[in-house]
Amino acid sequence: MTLLSSAIEPLQFRDALGHFASGITVITSQFNDEPVGFTCQSFYSVSMEPPLVSFSVMARSLSYPKIRKAGRFAVNILANDQAAISNQFARRGDDKWRGVQWQTSPLGNPLIDGSLHWLDCDIHAEHDAGDHRIVIGEVKALNPARGATAPLLYFKGQYHNLAE
Ligand SMILES: Cc1cc2nc3c(=O)[nH]c(=O)nc-3n(C[C@H](O)[C@H](O)[C@H](O)COP(=O)(O)O)c2cc1C
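Everything quoted here is computed from the prediction, not taken from an experiment.

Draft legend 1. Seen up close, the overall build of the protein. On a plain count of helices and strands, the protein comes out with three helices and twelve strands. For 164 residues, the compact-globule estimate of 2.2 N^0.38 gives 15 Å, and the protein sits close to it at 16 Å. Expressed as lengths along the three principal axes of its C-alpha atoms, the size of the protein is roughly 50 × 35 × 35 Å.

Draft legend 2. Quick look at the site of the ligand. Lining the immediate environment of the ligand, one finds 19 residues, of which Q41, S42, S61, L62 and S63 sit closest. Considering every element that reaches the shell around the ligand, the biggest residue donor is strand β5 (residues 52-58), with four residues. Taken together, the residues that form the shell around the ligand break down as ten nonpolar, seven polar and two charged.

Draft legend 3. Focus on the sheet that holds strand β11 (residues 153-155). The strand order across the open sheet built from three strands is β1-β11-β12, with neighbouring strands paired in antiparallel fashion. With one partner strand each, in any of the chains shown, β1 (22-23) and β12 (158-160) form the two edges of the open sheet. Pairing of β11 with β12 involves three bridges; the strand directions are antiparallel. Along β12, the bridge assignment pairs Y154 with Y159.

Draft legend 4. Main features of the environment of A16. Note on placement: A16 falls in helix α1 (residues 10-17). The exposure class of A16 is exposed, given the 11 C-beta atoms found within 10 Å. Remark: the alpha-carbon pair of A16 and H124, spanning 108 residues in sequence, is separated by 30 Å.

Draft legend 5. Representation of the nonpolar core. By size, the foremost hydrophobic cluster in this structure holds 30 residues, and its most contacted members are V26, I27, V75 and L78. In terms of residues, this core owes the most to one element, strand β6 (residues 72-77), which gives four residues. Once residues within four sequence positions are removed from consideration, L78 is found in contact with I24, T25, V26, I85, S86, S115, L116 and L152.

Draft legend 6. Representation of unusual backbone geometry in the model. Residue P50 is bonded to the preceding E49 through a cis peptide linkage, with omega at 0°. Secondary-structure assignment places P50 in the loop between β4 (44-47) and β5. Here the phi dihedral of N32 falls at roughly 55°; this positive angle occurs in a residue that is not glycine. Here N32 shows up in the loop between β2 (25-31) and β3 (34-40). At D33, a residue that is not glycine, the phi angle is positive and equals roughly 65°. Checked against the element boundaries, D33 lands in the loop between β2 and β3.

Draft legend 7. Seen up close, the sheet that holds strand β10 (residues 132-144). One open sheet holds the seven strands; their spatial order is β3-β2-β6-β9-β10-β5-β4, and the pairing between them is antiparallel. Lying at the two open borders of the sheet, with one neighbouring strand each, are β3 and β4. For this sheet, the mean inter-axis angle between neighbouring strands, taken without regard to orientation, is 35°. Where β5 meets β10, seven bridges bridge the pair, whose relative direction is antiparallel. Note that in β10 the partner of F55 across the bridge is V135.

How each quantity is defined
- Residues numbered from 1 in each chain as written.
- Predicted model: local features only at pLDDT ≥ 70, side-chain atom pairs only at ≥ 80, totals over all residues.
- Helix = DSSP H or I, 4+ residues; strand = E, 2+ residues; numbered from the N terminus.
- Rg over C-alpha atoms; globule rule 2.2 N^0.38 Å.
- Near = placed C-beta within 6 Å.
- Nonpolar A, V, L, I, M, F, W, Y, C, P; charged D, E, K, R; others polar.
- Pairing = 2+ DSSP bridges.
- Buried ≥ 20, exposed ≤ 12 C-beta atoms within 10 Å, placed from the backbone.
- Core = buried A, V, L, I, M, F, W, Y, C linked by C-beta atoms within 7 Å.
- Contact = placed C-beta atoms within 7 Å.
- Axes fitted to C-alpha atoms, helices over the stretch in contact; angles between N-to-C directions.

Purely spatial values, then, with no claim about function.
Below, the structure is given as structure tokens:
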């Protein structure tokens with residue numbers, strides 16, 4: 001049945017969006033020497049020239065105000081064996097980085113060891129959108145990480161990998 005937007009129930013909306021399969025990223029930054037980050041599915045490419053990418057972050061995110069102050073972020077595209085990293089960075093609190101190995105990117109953002117690829121970005125623009133904020137980043141550096149070859153996938157609330 002097709003529903004008018006005024007009749008969209010949050011649970012139905014969530015369920016509908018769950019049918020869109022994607023990779024998973026952790027958006028990271030560093031402010032006052034403190035690494036910050038959160039798990040993020042809403043990453044996508046925006047522009048080739050200049051190279052722009054985007055994600056949306058909930059307005060009540062604890063990490064984003066720090067990322068905003070830093071003015072830059074890294075996109076860590078997770079590899080198929082990093083579901084635990086995805087879960088760890090989806091929690092609120094300060095212990096997200098416990099046991100996580102990382103290096104510093106050219107812009108000064110944390111790069112999580114074992115990720116599939118990373119992009120280093122300056123914040124280019126922001127737009128408020130409902131209970132989220134759309135953040136657009138200009139890509140300044142990027143590189144595949146060493147070793148990992150397959151992505152972590154997310155579909156209908158579950159992790160998957162390409163081999164299945
Ligand atoms: C698979 C997955 C995808 C997620 N995608 C997003 C997202 O796109 N944007 C967002 O704001 N939160 C997303 N979250 C939720 C945040 O990771 C979670 O709320 C986290 O605790 C936020 O941390 P913070 O308060 O430190 O920013 C996702 C969580 C999971 C498990």
